[in-house]
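Topology and contacts: notes
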Amino acid sequence: MSGAGGWWRAKTTPAKVETYTRWSFHFFAVIEVSAIGLPVTGQGGATLSGRLVALVAAHAVLCAVTASRALDWTRGRREQPVRMLWVLGAGTYLFATLALSLRGNGDPGDGAHGAAATVFVGILAFGAGTTALGVRDRRRALALIAGFACGAAVVSCALGVPWIAALITAVAVLVASGFLAATSVFSVWLLNAVYELDEARETRARLAVAEERLRFGRDLHDVLGRNLAVIALKSELAVQLARRERPEAVEQMIEVQRIAQESQREVRAVVRGYRDADLAAELAGAHGVLRAAGIDCTVTGDTAGLPVEVQSALGWVVRETTTNVLRHGNAERCTVSLRVTEGRVVLTVENDGVTPPTGGGTGGSGIAGLRERLAAVAGTLEAGPVRADGFRVVASVPLSGRTAGARVGGVAS
């Protein structure tokens, strides 16, 4: 049982919805046999009812196979199963015609006519509903339903059914097939919507990273652009003065050296500001982002009075773990707690809904990078799965450590 539960928990939300949708359509085969085939058992004699049940069962299997291939097509995993759809359409009319033609083999008083008509309508309705999975255009789906209804009337009249009864049969097929087709179309729309929402969440995370990179690039451009232009101009001037053996060339090179050193200091400041993370801001940002993603997030703890280097290192832990919660797994809850105990600041981030790639190992580049940053302030990091589908990251940094902030900024990301 635990293996089955782990198999389900390991799936992402879109994968769970797809599995549910797929098995729902497979269960339609059971519903077809149960709702149409079994009720006719005993009506019109054992021979007639046995043949009708066999027709319903064969048609249900054909619908299940077609539904599976049509769902694969809607997810882009195979070409549109046109041939299979034609086979289902032809098989549906063949089975329905055979069922209706068998009504003369039984005694009308035993319900043979009613049993055959029920199977006739049911086969056509389930056939139309399943075939609707293989079309995308709404007009084609409506035309498909109307075609099955008209075909029911034509076949009924051709087999000697009175025109009033044939008209009633056509209306019954129209209503039943319309309901099943609408169910099929809505299920596919819901499945596609879930996948699109999941892709949008991943895109949002990638855009956030890209925006941060652009900001960093703009800051570097602003810092270096002007200074490099001045350095190039003064270097060219110094070359010209040196060729003329003018003493001013030395002064120009000294100025170039000064500007280069100043540029170096400014770049360090930009990188330090980029790599230093304010812990309070990161906690508030993690809470807002996770709540916006539909994850129940709880943040506890106070950052007041913590050293800058400690806040910077733990801020990176919050930033990285929040990204992992969004990108990996299918989290519904996440708790972030910050506490000071025995002279150490301990940050704990725990979430559920972990998929195997996240919970199966702790040696990813993100975790390794965090360990490097925490090592710069004598801190430690532990990460691993907890319970059935949880994942916990615990970062601990001593309050007494006075490692320079530049040292944190100097760790390669």
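So, here is what we can say about the structure in this document. (Residues numbered from 1 in each chain as written. Predicted model: local features only at pLDDT ≥ 70, side-chain atom pairs only at ≥ 80, totals over all residues. Heavy atoms only, no water.)

**Some points on helix α6 (residues 138-158)**
- For α6, with 21 residues, the first-to-last C-alpha span of 30 Å sits near the 30 Å given by 1.5 Å per residue.
- Residues of α6 that are buried: A141, L144, I145, F148, A149, G151, A152, V155 and S156. Buried residues in α6, looked at end-on, bunch into an arc of 155 degrees, giving them a common side. For α6, exposure combined with an orientation more than 90 degrees from the buried face picks out R139, R140, L142, V154 and A158.
- Immediately downstream of α6, the backbone of G160 shows phi near 90 degrees, a positive value. (Helix = DSSP H or I, 4+ residues; strand = E, 2+ residues; numbered from the N terminus. Expected span 1.5 Å × (residues − 1). Buried < 20%, exposed > 50% of the residue type's maximum accessible area, 1.4 Å probe, protein only. Arc of directions from axis to C-beta.)

**Brief notes about the pattern of salt bridges**
- As enumerated under the stated definition, the model contains 10 salt bridges in all.
- Between R22 and E18 there is a salt bridge whose closest N-O contact spans 3.1 Å. Separated by four residues within a single helix, R22 and E18 lie in helix α2 (residues 13-37), roughly one turn from each other. In this pair, the class of R22 matches that of E18, namely buried.
- The partner of D72 in a salt bridge is R78, and the shortest N-O contact between them spans 3.7 Å.
- With relative accessibility at 15%, the residue D72 sits in the buried group.
- Given the relative accessible area of 38%, R78 is considered partly exposed.
- One connected set of salt bridges, linked through shared partners, spans E18, R22, D72, R77 and R78. (Salt bridge = Lys/Arg side-chain N within 4 Å of Asp/Glu carboxyl O.)

**A closer look at the packing of α2 against helix α3 (residues 46-74)**
- With their axes 9 Å apart at the nearest point, α2 and α3 run at an angle of 165 degrees to one another. Taken together, the axis directions place α2 and α3 in an arrangement best described as roughly antiparallel. Crossing handedness for the pair α2 and α3: right-handed. The residues of α3 that touch α2, namely those facing T21, R22, F25, H26, A29, E32, V33, I36 and G37, are V53, V56, A57, H59, A60, C63, A64, A67, S68, L71 and D72.
- Residue composition of the contact of α2 with α3, grouped by class: 12 nonpolar, five polar and three charged. (Axes fitted to C-alpha atoms, helices over the stretch in contact; angles between N-to-C directions. Parallel < 35°, antiparallel > 145°, perpendicular 65-115°, else oblique. Left-handed = near helix turned anticlockwise from the far one by under 90°. Contact = heavy atoms within 4.5 Å. Nonpolar A, V, L, I, M, F, W, Y, C, P; charged D, E, K, R; others polar.)

**Some details on the environment of A182**
- Structurally, A182 is set in helix α7 (residues 163-243).
- Note: C-alpha distance between A182 and A132 (50 residues apart in sequence) is 8.3 Å.

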